[in-house]
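As a plain string of letters, each chain reads:
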Amino acid sequence: MTTIVSKVTKSGSGETGPALIGNDRQRTLRAGFIPLVDASVLIAAAEFGFAEKEGLKLDLVKDVSWANVRDRLAFRQFDIAHMLSPMPVASMLDLGSNPSPTITPFSLGRGGNAITLSTRLFARMREVTGLSETAGALDNAKSLKTLLDEMRVRGEATPTFGVTYPFSSHNYEFRYWLAAGGIDPDQDVKLVVVPPPLTSDALAAGAIDGFCVGAPWNMVASERGIGRIVAAKQDIWPSAPEKVIGMRPEWADAQPEAVSRLLVALDAAARWCDQADNHGALAETLADAKYIAAPVEIIRQVLAGRFSVDAQGNQRVIERYFTFHDNFANYPRKSQALWIYSQMIRWGQARYTQQATEAAASAYRSDLYRNALGADNTPPEADTRIEGNTDGDRFMDGHVFDPSAIEDYVRGFTVSAGNLGSANPEDA
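Here is what the cut-offs are and how they apply
Residues numbered from 1 in each chain as written. Predicted model: local features only at pLDDT ≥ 70, side-chain atom pairs only at ≥ 80, totals over all residues. Heavy atoms only, no water. Pairing = 2+ DSSP bridges. Helix = DSSP H or I, 4+ residues; strand = E, 2+ residues; numbered from the N terminus. Axes fitted to C-alpha atoms, helices over the stretch in contact; angles between N-to-C directions. Buried < 20%, exposed > 50% of the residue type's maximum accessible area, 1.4 Å probe, protein only. Contact = heavy atoms within 4.5 Å. Salt bridge = Lys/Arg side-chain N within 4 Å of Asp/Glu carboxyl O. Phe/Tyr/Trp six-rings, centres within 6.5 Å; stacked < 30°, edge-to-face > 60°. Lys NZ or Arg CZ within 6 Å of the ring centre and 35° of its normal. Parallel < 35°, antiparallel > 145°, perpendicular 65-115°, else oblique. Nonpolar A, V, L, I, M, F, W, Y, C, P; charged D, E, K, R; others polar.

1. Quick notes on the sheet that holds strand S2 (residues 56-62)
If you trace the five strands from one edge of the open sheet to the other, you get S2-S1-S3-S11-S4, paired in mixed fashion. Edge positions in the sheet fall to S2 and strand S4 (103-107), since each of these pairs with one other strand and no more. Ignoring which end each strand starts from, the neighbouring axes of this sheet average 30° apart. Looking at chain direction, S4 and strand S11 (residues 243-247) are connected through three bridges and run antiparallel. Paired with Ile103 across the bridge in S11 is Met247.

2. Points about helix H14 (residues 296-304)
Every buried residue of H14 is accounted for by Ile298, Ile299, Gln301, Val302 and Leu303. Those residues of H14 that are buried are in contact with helix H9 (217-223), helix H13 (279-287), strand S12 (306-308), strand S13 (315-317) and strand S14 (322-323). In the segment just after H14, Gly305 is the residue with positive phi, at about 75°.

3. Points about the pattern of salt bridges
If the charged atoms of two oppositely charged side chains come close together, the side chains can form a pair. If you walk through the whole model with that rule in mind, you get 35 salt bridges. Between Arg248 and Glu250 there is a salt bridge whose closest N-O contact spans 3.4 Å. One salt-bridge network, held together by shared partners, links Asp38, Glu173, Lys233, Glu242 and Lys243.

4. Remarks on the packing of aromatic side chains
Applying the stated criterion across every chain, the model contains 19 aromatic pairs. Ring geometry for Tyr176 versus Phe413: centroids 5.9 Å apart, planes at 80°, classification edge-to-face. Placement of Tyr176 in helix H7 (residues 169-180) and of Phe413 in the segment after helix H18 (406-411) is noted, with a sequence separation of 237 residues between them. Each member of the pair Tyr176 and Phe413 is classed as buried. Pairing Tyr331 with Tyr369 gives two aromatic rings, centres 5.1 Å apart and planes at 90°, and the pair type is edge-to-face. Of this pair, Tyr331 sits in the loop between S14 and helix H15 (334-346) while Tyr369 sits in helix H17 (residues 366-373), placing them 38 residues apart in sequence. Across this residue pair, the class does not change: Tyr331 and Tyr369 are buried. Clustering of aromatic rings is evident, with ring pairs tying together Tyr176, Trp237, Trp339, Phe395, Phe401, Tyr409 and Phe413. Between the NZ or CZ atom of Arg346 and the centre of the ring of Tyr176, over which it lies, the distance is 5.3 Å.

5. A few points about the packing of helix H5 (residues 119-129) against helix H6 (residues 137-154)
Following both chains from N to C, one finds H5 and H6 inclined at 85°, their axes separated by 9 Å at the closest point. As the angle between them shows, H5 and H6 are arranged roughly perpendicular. Facing H5, whose interface residues are Leu121, Phe122, Arg124, Met125, Val128 and Thr129, H6 presents Asn140, Ser143, Leu144, Thr146, Leu147, Glu150 and Met151. Across the contact of H5 with H6, the residue classes tally to seven nonpolar, four polar and two charged.

Interpretation note: all reported values are geometric properties and have no functional meaning in isolation.
Here it is as structure tokens:
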């Protein structure tokens, strides 16, 4: 049964003591995180009493890169971790420079990513193509394609764009956006890894010409007058999984009660984060130096979906830019894991086999979610469903993902790696 807390205070100030797990003592879980708004549920669970109510204490440790988080979880410095949704899939496929089996029983919500280009590059797009100030994501991608073609004729250097990790939603969403505009991400531009907190500074220094990252760093670049936001995650695929809670499978198997209590605490925190009345308190907490260390007003705007697109104050309002709980946002659906796997195939990070398909799906542990939270919190559809075929949940290029036909899906794209397999890439 789900625990719902209607009145909460910062940890340690509640009127009742914590529930107990074994030996009549509170259980401490060490959790790694990256300073992003999509860590809100984990941070709220620690700061507003949800974990304490379930007999848990979350010791949150801020890190700078996803590779660090991955390694510290593998080396048992962390019990659980705030992770990119593709990281458990990659681990179960034995991809990357230091893979270690990782699963997720809980998604931290949807939304939060965006693609930002330098103001200089965007101004050139407008100059060359007459692009409207209010152009949509697909038109922006097509305009960039036209500019890149002209730059190639002129012999200009290929633009460099930052993503946060090779096995990340940011990498796949940036590639999806580029390819939808006719741009080959592996031939027409250069993609490099930049840790999220460093993206704005890298753009300002001219080290990169754009990036895809989670909030609030797109907004920070826009407010500094150095970046133009050209696409949001919702423009590419609204239901794309974003961040998850990662854990080692043997750790989860050894302590099912602690896992269940953790999921109950996270579910209650996610419900709380979804309520607009709580966003003021959440923004104040996130802005603290020990968490995101960003201006509180920017975080408030992000939570409200008030999306500054340029330094002149023009805004785009995206309803539910972050969804922390509603519409089963926390459910680890296996067809989402398989879509991630399809993108790994599309871009040459993996090859298609039935064994690999099963391994990819095994990263998303919906069984642990159901055991902890019950049928009332479980979506009625099957764990694998066709994705992108309903209103409000379509891919920007009109493709539909059928998890039973992954090879056909990958072959259906005009721009891709051109095969169904290649060597594993090294990651940072």
